[in-house]
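Below, each chain spelled out in residue letters.
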Amino acid sequence: MLLRIRKVKKGDFELEVGEAISELADKTSRVEDSVEEVTSPNTRYSGISDEITRRIADAASDPRGAFLVLAIEIEGRIRQLANQLNIVEANRIIPLIRVLEILTERGFIGREVISIFRDFWAIRNRVAHGVHYELERGRLYELVDLGMRILRLLPSDIQGNTMQE
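This is a predicted model, so every value here is computed, not measured.

Colleague: Got a minute to help me understand the overall build of the protein in this structure?
Modeller: Each helix and strand in the protein was counted, giving six helices and two strands. Along the protein, helices (α) and strands (β) appear in the sequence α-β-α-α-α-α-α-β when read from the amino end. Sequence-distant contacts in the protein: of pairs separated by 6 or more residues, those separated by 24 or more amount to 73%. Summed over all atoms, the accessible surface of the protein reaches about 9,000 Å², with 49% contributed by carbon and sulfur.

This is the structure:
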């Protein structure tokens, strides 16, 4: 399980994260194969906008930067959906995983997406906060690809929804 990656020296860390990335890639492929185009009649998937693609491409000369920009875009899309559905808790920011759970409960996102998001975000946290090590460029580009695939699995818009939690 990705959440159990322990702190180890640089060489072992890269091996364990590499295995976690491979597991996430396999899991993402299975989810992509099983997820229908539209989970709910009010959910619209438009893929990834030209603006987001441009921002990621601008950061692509540094794969770590591209990966972090993509993580920001994923968080932004999830927060946008939360705003559309008026998902609030006493004017506090709700954790992303909780927003995804609410979206799943309401039928806008498949349960499998939460699982791959958790795995992706665990790797993201290790990469974003790990200042003492570097992943190989190829692994970082692999994470960028996985992030793009996850972003495509998130609705871009929810039309005509009046539900509130």
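Colleague: Please clarify how the packing of helix α4 (residues 96-105) against helix α5 (residues 111-129) should be interpreted in this entry.
Modeller: Angle between the axes and distance between the axes: these two values describe a pair of packed helices. Two numbers describe how α4 lies on α5: the axes approach to 9 Å, and their chain directions differ by 170°. Relative to α5, the element α4 lies roughly antiparallel. Packed against α4, whose contacting residues are Leu96, Ile97, Leu100, Glu101 and Thr104, the element α5 presents Arg111, Ile114, Phe117, Arg118 and Trp121 at the interface. The class makeup of the residues in the contact of α4 with α5 is six nonpolar, one polar and three charged.

Thresholds applied
Residues numbered from 1 in each chain as written. Predicted model: local features only at pLDDT ≥ 70, side-chain atom pairs only at ≥ 80, totals over all residues. Heavy atoms only, no water. Helix = DSSP H or I, 4+ residues; strand = E, 2+ residues; numbered from the N terminus. Contact = heavy atoms within 4.5 Å. Areas by Shrake-Rupley, 256 points an atom, 1.4 Å probe, with all protein chains shown as cover. Axes fitted to C-alpha atoms, helices over the stretch in contact; angles between N-to-C directions. Parallel < 35°, antiparallel > 145°, perpendicular 65-115°, else oblique. Nonpolar A, V, L, I, M, F, W, Y, C, P; charged D, E, K, R; others polar.

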